[in-house]
Amino acid sequence: MIANIIVVGAGQAGAQAVDTLRREGFAGRLILVGDEAQLPYQRPPLSKKFLAGEMTEDRLMFRHQPFYDEHQIELHLATGVTRIDPATRSITCTSESLQYDRLLLCLGTTSRLLTCPGAQLAGIHYLRCLADAIQIRSHIKPAARAVIIGGGYIGLETAATCRTMGCEVTVLEMADRVMNRVASPCVSQYFSDRHSAHGVNIVCNSRVVQIEGLNQVERVVCADGSQYDADFVIVGIGAMAASSLASAAGLNCDNGIVVDEFCRTSDPHIYAAGDCTNHPSIHYGRRIRLESVDNAVEQAKTAALNMLGREVKHDRVPWFWSDQFDNKLLIAGLSDGHDELIVRGDPTQRVFSVCYLKEHALIAIEAVNQPKDYMAARKLIADRTPLDAGKIPRIDTLLKEAV
Amino acid sequence: MPRIVFIDANSRREVLATSGISLMEVARQNQIEGILAQCGGACACATCHVYVAPQWMDQLPAREDMEQGMLENAWEPKDNSRLSCQITVSEALDGLEVTIPERQG
Ligand SMILES: Cc1cc2nc3c(=O)[nH]c(=O)nc-3n(C[C@H](O)[C@H](O)[C@H](O)COP(=O)(O)OP(=O)(O)OC[C@H]3O[C@@H](n4cnc5c(N)ncnc54)[C@H](O)[C@@H]3O)c2cc1C
Ligand code: FES
């Protein structure tokens with residue numbers, strides 16, 4: 001009999017898991033423990049509408065307090081879990097120890113930290129949680145100089161938001177193009193151009209070696225000697241799975257907590273879901289770790305169902321989006337291993353998609369302001385529909401008809 | 001406070017909504033099943049799809065391109081399909097009726 005379930009990490013996956021557990025009839029004791037002070041909330045707006053002041057804090061929450069009360073979900077917020085003891089099936093929190101029959105870890109990620117001299121100065125921020133976003137927001141005002149280190153999603157989204165709010169913005173990217181790990185050169189170029197057109201200064205091939213300032217950040221120095229004056233700095237150089245709690249408990253970890261397609265860890269009573277997991281992608285036939293809302297939600301559902309004894313596999317085609325200025329990038333699938341890349345539409349018209357094929361089937365798409373292709377692609381990818389590559393570039397043909 | 005009616009295969013629920021937030025958020029606050037809203041209102045998932053009662057269609061601002069494109073390949077789109085995250089609730093929508101599709105996505 002499973003009488004006690006504890007979910008650790010009250011973020012996207014944790015909130016979904018308790019929801020699904022109750023919805024699917026789990027009637028035992030259900031505890032959600034999280035180290036942040038707020039009710040579980042969505043993170044994507046933190047770099048977008050929330051940062052821009054277009055969305056208030058209470059609109060970030062997935063559910064309000066009455067939901068947790070009504071469904072008897074015990075919330076232990078502002079409570080960090082410091083230890084898991086699989087032998088006694090217990091966890092140690094800030095002030096108490098709790099017993100579980102099943103434990104679900106939804107620990108998310110931690111930001112990769114800058115290590116150069118000066119990295120500890122005041123005014124240098126990461127963006128992972130609401131508290132970070134509130135701090136960053138306090139710096140944003142017209143003509144404030146923002147230097148953003150890292151031209152990935154978080155760097156570029158915050159750059160766009162800061163610029164829209166009137167800041168002078170510089171993005172420093174170490175690689176030769178922005179979003180180099182997540183998008184094709186064509187999409188990188190497009191977004192780079194959009195940022196430049198809005199007055200963001202994007203500098204590639206620039207490695208930050210030092211941050212200078214007396215008590216507070218004043219300038220950022222790169223390896224080639226170039227310097228950028230800054231009133232504040234945002235660092236977006238990637239994230240690592242938050243797996244130390246799990247590895248200390250002896251769970252198998254390797255770039256994340258290793259789980260199977262049922263979200264089971266190497267301990268039969270412990271499950272994991274979301275950004276913190278290294279999991280098998282059934283569709284792509286290899287192990288992956290993702291940082292995306294969809295993956296967190298779907299793995300959380302899978303974990304919840306399996307904890308209740310239903311055998312359900314996590315089998316999804318990943319998807320993701322990014323908003324920068326008035327552009328929406330919609331991504332589905334994983335492009336690694338493609339043997340053909342076809343651009344559909346015209347980037348100068350600001351509506352296009354990049355299609356990745358492998359053995360004539362679509363494996364991924366990056367759609368810019370092109371929701372139709374994106375939605376069609378999600379089905380085509382999932383079904384492995386063979387496509388006629390010759391028809392793909394023809395914008396007068398719907399993507400779903402390029403068969 | 002405007003009243004909104006959510007209808008699905010088994011039930012009809014009338015709820016009081018707060019003006020200024022989206023119809024999707026009203027559904028979420030009231031635990032309306034069947035509106036998944038995975039992207040949280042970013043117009044990126046099409047899992048907040050509803051059918052608006054025909055008499056209300058004219059009262060709503062037209063779909064923007066992004067919403068239109070998402071809907072065309074959503075599950076069973078119809079002329080009265082909308083993404084609920086793209087509709088802002090106001091007093092003018094008092095009495096609005098929407099039906100939830102059998103599926104989302
Ligand atoms: C600024 C920003 C913008 C984003 N934009 C997008 C986007 O546009 N689209 C998209 O798909 N995804 C986006 N993401 C990613 C998305 O938010 C994550 O993939 C998602 O939140 C992952 O859910 P999760 O539950 O795995 O982790 P999280 O939501 O990060 O939750 C993990 C929680 O666990 C807590 N925790 C960790 N360790 C402990 C411990 N020992 N004890 C107690 N609590 C603990 C953490 O504090 C946190 O609250 C964005 C992320 C950020 C930060
Ligand atoms: S909530 Fe995702 S499109 Fe409306």
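Residues numbered from 1 in each chain as written. Chains lettered and ligands numbered in written order. Predicted model: local features only at pLDDT ≥ 70, side-chain atom pairs only at ≥ 80, totals over all residues. Heavy atoms only, no water.

Asks: Looking at this model, I keep getting lost on the side chain of His139(A). Mind explaining?
Replies: All names here are of chain A. With respect to the element layout, His139 can be found in helix α3 (residues 130–139). The buried category is assigned to His139, whose relative accessible area is 19%. Separated by 2.8 Å, the side chains of His139 and His125 make a polar contact. Filtering out sequence-adjacent residues up to four positions away, His139 remains in contact with Gly123, His125, Ala144, Asp231 and Phe232. (Helix = DSSP H or I, 4+ residues; strand = E, 2+ residues; numbered from the N terminus. Buried < 20%, exposed > 50% of the residue type's maximum accessible area, 1.4 Å probe, protein only. Polar contact = N/O pair within 3.5 Å; in protein donor to acceptor, adjacent residues only side chain to side chain. Contact = heavy atoms within 4.5 Å.)

Asks: Please explain the interface of chain B and chain A as it appears in this structure.
Replies: How big an interface is tends to be stated in terms of the accessible area lost upon association of its parts. On the chain A side, the residues contacting the 23 residues of chain B number 30 residues. Taking both sides of the interface into account, the surface hidden between chain B and chain A amounts to around 2100 Å²; carbon and sulfur atoms contribute 48%. Per-residue buried area on chain B facing chain A is highest for Gln31(B), Gln38(B) and Asn73(B); these three make up 32% of the total on that side. Connecting chain B to chain A are three salt bridges. Across the pair Glu72(B) and Lys372(A) runs a salt bridge whose closest N-O atoms are separated by 3.5 Å. Remark: the boundary between chain B and chain A carries twelve residue pairs in polar contact (both at pLDDT 80 or more). For the side of chain B that touches chain A, the element with the highest residue contribution is helix α2 (residues 65–72) of chain B, accounting for five residues. (Buried area = accessible area lost by both parts, 1.4 Å probe. Salt bridge = Lys/Arg side-chain N within 4 Å of Asp/Glu carboxyl O.)

Asks: I tried to follow the environment of Cys167(A) on my own but got confused; where do I start?
Replies: Residue and element names in this part refer to chain A. Here Cys167 shows up in the loop between α4 (153–164) and β11 (168–172). A C-alpha to C-alpha distance of 9.9 Å links Cys167 and Asp231, two positions 64 residues apart in sequence. Apart from the residues lying within four places of it in its own chain, the contact partners of Cys167 are Ile140, Lys141, Ala143, Ala144, Cys162 and Phe232.

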